[in-house]
Amino acid sequence: MGIVLGPNRYGKAETRVVRVSRAADGTHALTDLNVSVALSGDLVDTHLTGDNANVLPTDTQKNTVYAFAKQHGIASPEAFGLLLARHFTASQETITGARVEIEEYPWNRLGPHSFSREGSLVRTASVRISSSGPASGPASAPAPAPASAPASESASAPAEVFGGLTGLTLLNSTDSEFTGFIVDDYTTLAETSDRILATAVDARWRFSSLPADFNAVFGAARDAMIAAFAGTYSYSLQQTLFAMGKAVLEACPDLAEIRLRLPNKHHFAVDCTPFGLDAAPEVFHADDRPYGLIEGTVLREG
Ligand SMILES: O=c1[nH]c(=O)c2[nH]c(=O)[nH]c2[nH]1
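The name an unreviewed UniProt entry gives the chain is Uricase, with Catenuloplanes nepalensis as the organism. Under the heading Catalytic activity (unreviewed entry), UniProt records this for the chain: "urate + O2 + H2O = 5-hydroxyisourate + H2O2". If you open the UniProt record of the chain and go to Sequence similarities (unreviewed entry), you find "Belongs to the uricase family."

Chemist: Explain helix α2 (residues 58-72) to me, please; I cannot follow it from the model alone.
Modeler: Given 3.6 residues to a turn, an α-helix orients residues that are three or four positions apart in the same direction. The end-to-end C-alpha separation of α2 is 21 Å, in line with the 21 Å expected for 15 residues at 1.5 Å each. When α2 is considered as a whole, its buried residues turn out to be Q61, T64, V65, F68, A69 and H72. Seen along its axis, α2 keeps its buried residues to an arc of 130°; they face one direction. Exposed residues lying more than 90 degrees from the buried face of α2 are K70 and Q71. Where α2 is buried, its residues meet β1 (15-22), β2 (28-41) and α3 (77-91). One or two positions beyond α2, positive phi appears at G73, with a value near 70°.

Chemist: I would appreciate a short explanation of the nonpolar core in the present structure.
Modeler: Proteins that are soluble and globular tend to have nonpolar side chains buried together. Counting residues in hydrophobic clusters, the biggest one holds 59 residues, and the most contacted among them are V35, F80, V201, W205 and M225. Tallying contributions element by element places helix α4 (residues 214-231) first for this core, with eight residues. Residues lining this core come from more than one domain, with at least three contributed by each of domain 1 (15-157) and domain 2 (166-299). Once residues lying within four places of it in the same chain are set aside, the contact partners of M225 are L165, V201, A203, W205, M244, V248, I258 and L260.

Chemist: Whenever I open this one, the sheet that holds strand β12 (residues 292-299) confuses me. Can you help?
Modeler: In a beta sheet, neighbouring strands pair by backbone hydrogen bonds and run either parallel or antiparallel. Taken together, eight strands build an open sheet; the order of strands is β1-β2-β3-β6-β7-β8-β9-β12 and the sheet is antiparallel. Both edges of this open sheet fall to β1 and β12, since each of them pairs with a single strand only. Between one strand axis and the next, the sheet turns by 20° as a mean value, whatever way the strands run. As judged from the six bridges shared by strand β8 (residues 197-207) and strand β9 (residues 255-264), these two strands associate in the antiparallel manner. For W205, the partnering residue across the bridge sits in β9 and is I258. Of the strands in this sheet, β2, β3 (95-104), β6 (122-130), β7 (159-172) and β8 touch α3, which is tilted by about 160° from β3. Its contacts with the sheet put helix α5 (residues 237-251) on β7, β8, β9 and β12, and the angle it makes with β9 is roughly 150°.

Chemist: Can you help me understand α4 in this one?
Modeler: A rise of 1.5 Å per residue sets the reference length of α4, with its 18 residues, at 26 Å; its end C-alpha atoms lie 25 Å apart and thus fit the reference within 8%. Listing the buried residues of α4 in full gives F214, V217, F218, G219, A221, A224, M225, A228 and F229. Along its buried surface, α4 packs onto α3, β6, β7, β8, α5 and β9. Near the N-terminus of α4, the side chain that reaches the backbone nitrogen of N215, with its oxygen 2.9 Å away, is that of D213.

Chemist: Teacher, can you tell me more about the pairing of β2 here?
Modeler: Walk down a regular strand and you will see the side chains alternate between the two sheet faces. Counting buried positions along β2 yields ten of 14 residues, so the element is predominantly enclosed. Here β1 runs beside β2; their pairing, made up of eight bridges, is antiparallel. Within the sheet, the bridge partner assigned to T15 lies in β2 and is V35. Counted along the chain from β1 to the antiparallel partner β2, the turn is five residues long, and its residue G26 has a positive phi close to 90°.

Chemist: Quick question: what am I supposed to make of the site of the ligand here?
Modeler: Taken together, F178, L189, R195, S236, L237, Q238 and N264 make up all the residues around the ligand. Between the ligand and the protein, one listed contact pairs an oxygen atom with a side-chain N or O atom of R195 at 2.8 Å. Between the ligand and Q238, the relevant distance is 2.9 Å, taken from a nitrogen atom to a side-chain nitrogen or oxygen of the residue. Calculation on the ligand without its partners gives an accessible area of 300 Å², and the protein chains cover 71% of this total. In the shell around the ligand, the residues fall into three nonpolar, three polar and one charged.

What counts, and where the lines are drawn
- Residues numbered from 1 in each chain as written.
- Predicted model: local features only at pLDDT ≥ 70, side-chain atom pairs only at ≥ 80, totals over all residues.
- Heavy atoms only, no water.
- UniProt positions renumbered as here; feature names shortened; annotations may be inferred.
- Helix = DSSP H or I, 4+ residues; strand = E, 2+ residues; numbered from the N terminus.
- Expected span 1.5 Å × (residues − 1).
- Buried < 20%, exposed > 50% of the residue type's maximum accessible area, 1.4 Å probe, protein only.
- Arc of directions from axis to C-beta.
- Contact = heavy atoms within 4.5 Å.
- Core = buried A, V, L, I, M, F, W, Y, C linked by side-chain atoms within 4.5 Å.
- Domains from an automatic or database assignment.
- Pairing = 2+ DSSP bridges.
- Axes fitted to C-alpha atoms, helices over the stretch in contact; angles between N-to-C directions.
- Polar contact = N/O pair within 3.5 Å; in protein donor to acceptor, adjacent residues only side chain to side chain.
- Near = heavy atom within 4 Å.
- Areas by Shrake-Rupley, 256 points an atom, 1.4 Å probe, with all protein chains shown as cover.
- Nonpolar A, V, L, I, M, F, W, Y, C, P; charged D, E, K, R; others polar.

Okay, structure coming up:
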């Protein structure tokens with residue numbers, strides 16, 4: 001039996017790029033990204049014989065990230081990912097697929113040129129382009145070139161675009177129950193009609209059409225998730241997950257689906273009665289692990 005090369009891709013991972021935009025009045029704006037590029041295409045020779053004629057070096061990919069940040073600016077992580085993915089697939093005959101994954105670390109403004117890093121929230125974007133068609137899924141959209149894309153790249157292959165976030169830590173100190181679950185020989189969990197519900201949201205949403213303003217969609221999706229978490233009287237984190245996903249799709253018509261991963265960050269009431277104190281649950285132990293992990297996709301019917 002012969003041995004053959006399977007699916008493969010290569011690229012420069014985690015190029016950290018910080019773009020400063022300087023306005024005439026001395027006010028600066030900051031965009032802080034971690035960009036990972038992975039390319040695929042006609043790359044058999046480099047694997048089988050070491051002939052690198054078809055290989056665009058990963059060092060060049062890193063340089064392209066920096067050059068595009070300078071030349072085109074970074075309107076949004078999604079638009080920047082599209083710009084890069086289109087460039088790599090349109091400019092090199094041997095490169096037919098590109099996946100660009102971006103993390104954006106938000107900074108809060110302190111002054112005209114001073115900033116502080118925002119907590120744990122990270123915005124994410126992912127763009128996949130294949131000149132032989134989108135990577136997968138029926139709802140991929142033909143992607144218009146971002147406003148700042150070079151004209152030569154405007155007629156390129158369809159793209160799949162995902163946005164999202166991680167590390168959005170949320171907590172309700174009441175309005176959460178967990179009762180009526182299966183009880184078997186190993187169940188010790190007591191039913192509770194009042195508990196802390198806390199999670200760190202990991203969300204990824206797929207665009208079915210590409211909006212003019214990705215940042216507006218991001219803000220609307222984030223705000224809808226937060227409002228749904230805070231406003232839902234929860235009987236399970238699963239129910240809260242669906243409410244959050246539904247709220248995002250209702251707020252954002254450009255999105256086809258949202259995938260949510262919600263760790264249940266357990267808070268256990270500490271029994272203070274041995275210390276002669278009352279039993280009201282006011283002191284909690286924030287447990288690190290193990291944690292429940294509730295995962296689900298919410299999508300439009302059809
Ligand atoms: O919201 C919850 N969902 C569960 O499935 C579960 N399981 C558990 O032990 N606690 C919880 N809480």
